[in-house]
Amino acid sequence: MTAAASTDQAGKERKSDRTRAAILSAARAQFQSHGYDRTSIRAVAAAADIDPSMVMRYYGSKEGLFAAAAHVDLQLPNLSGVPARQRGRALLEHFIRRWEGDLSDDVLVLLLRSAVTDERAAERLQAVFQEQLVLTLSRVYDPPEALRRAGLIASQVLGVALGRYLLKLPGLADRPPEDLIADLAPTIQRYLAAPLPSLAAGS
């Protein structure tokens, strides 16, 4: 490949990356504002100022577009490097940072908002937490125990997110993050470390 051809190819790849980024940005805004069912490929294309055929070219369908727009990495910490008594607080602090701190983005809010009314979004949110949280806990627990503890932790952090960021419940939405962590860290720690009844009984 000549230098000119290589430069041309690099330019096309950069343009492609910019187009994909524009589509995903528009899609996230549309899905967050209108939900899955009321978002259309045409509306996303119009918001991104491109032809609808380009959306189909890159993502194939609305389902494919949603999967790409809702892709999220929770960036969970490696708990094996955290003292056992501090793991609950460390995990909760991380989740608060993902929702509203320096690690926050619009994808988690998009998923949470959409999951309330759309089965696809609920399944995607479930998959994100199950796959990533179970993987994190599998570093310190056997798989069956990791799965069970992950479900308990997910029920807590998702319930807090729903009440704080969407429903804006008084006493929850207006609390400083440090107060919220102080209130809830013992619960997360219990889900992480306390003996689970059936496991303790050997069943």
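Since the model is a prediction, treat every value here as computed from it, not as a measurement. (Residues numbered from 1 in each chain as written. Predicted model: local features only at pLDDT ≥ 70, side-chain atom pairs only at ≥ 80, totals over all residues. Heavy atoms only, no water.)

1. Description of the overall build of the protein chain
Okay, step 1: Counting its regular elements, the protein chain contains 10 helices and 0 strands.
Okay, step 2: Moving toward the C terminus, one meets the helices and strands of the protein chain in the order α-α-α-α-α-α-α-α-α-α.
Okay, step 3: For the protein chain, with 203 residues in total, the buried portion stands at 40%.
Okay, step 4: Expressed as a percentage of contacts within the protein chain between residues at least 6 apart in sequence, the contacts between residues at least 24 apart total 66%.
Okay, step 5: About 11,000 Å² of surface is accessible on the protein chain, with carbon and sulfur atoms providing 53% of the total.
Okay, step 6: Here the protein chain holds 25 positive side-chain charges and 23 negative ones, and the gap between their average locations is 1 Å. (Helix = DSSP H or I, 4+ residues; strand = E, 2+ residues; numbered from the N terminus. Buried < 20%, exposed > 50% of the residue type's maximum accessible area, 1.4 Å probe, protein only. Contact = heavy atoms within 4.5 Å. Areas by Shrake-Rupley, 256 points an atom, 1.4 Å probe, with all protein chains shown as cover. Lys, Arg positive; Asp, Glu negative; His and termini not counted. Charge placed at Lys NZ, Arg CZ, Asp CG, Glu CD.)

2. Some thoughts on the nonpolar core
Okay, step 1: Counting residues in hydrophobic clusters, the biggest one holds 58 residues, and the most contacted among them are Leu65, Leu137 and Ile153.
Okay, step 2: No other element matches helix α8 (residues 143-166), which puts 8 residues into this core. (Core = buried A, V, L, I, M, F, W, Y, C linked by side-chain atoms within 4.5 Å.)

3. Notes on the side chain of Thr39
Okay, step 1: Tracing the backbone through its elements, the reader meets Thr39 in the loop between α1 (3-34) and α2 (41-48).
Okay, step 2: Taking relative accessible area as the criterion, Thr39 reaches 2% and is therefore assigned buried.

4. Let's talk about helix α5 (residues 87-100)
Okay, step 1: Over its 14 residues, α5 runs 20 Å from end to end, which matches the ideal 20 Å to within 8%, given 1.5 Å per residue.
Okay, step 2: At its buried positions, α5 is contacted by α6 (106-115), α7 (119-137), α8 and α9 (177-193). (Expected span 1.5 Å × (residues − 1).)

5. Points about the side chain of Arg87
Okay, step 1: One can find Arg87 in helix α5.
Okay, step 2: Notably, Arg87 is buried but unbridged: the nearest opposite-charge side chain belongs to Glu145, and the N-O separation is 9.6 Å.
Okay, step 3: Looking at Arg87, its side chain comes within polar contact range of the main-chain oxygen of Val82, at 3.0 Å.
Okay, step 4: Apart from the residues lying within four places of it in its own chain, the contact partners of Arg87 are Leu79, Ser80, Val82, Val140, Gln189 and Leu192. (Salt bridge = Lys/Arg side-chain N within 4 Å of Asp/Glu carboxyl O. Polar contact = N/O pair within 3.5 Å; in protein donor to acceptor, adjacent residues only side chain to side chain.)

6. Side note on the packing of α2 against helix α3 (residues 52-59)
Okay, step 1: Two elements in contact, α2 and α3, have axes separated by 8 Å at closest approach and are oriented at 105°. Classified by the angle between their axes, α2 and α3 sit roughly perpendicular to one another. Facing Ile41, Arg42 and Ala45 of α2, the residues of α3 in contact are Pro52, Val55 and Met56.
Okay, step 2: Residue classes in the contact of α2 with α3 are distributed as 5 nonpolar, no polar and 1 charged. (Axes fitted to C-alpha atoms, helices over the stretch in contact; angles between N-to-C directions. Parallel < 35°, antiparallel > 145°, perpendicular 65-115°, else oblique. Nonpolar A, V, L, I, M, F, W, Y, C, P; charged D, E, K, R; others polar.)

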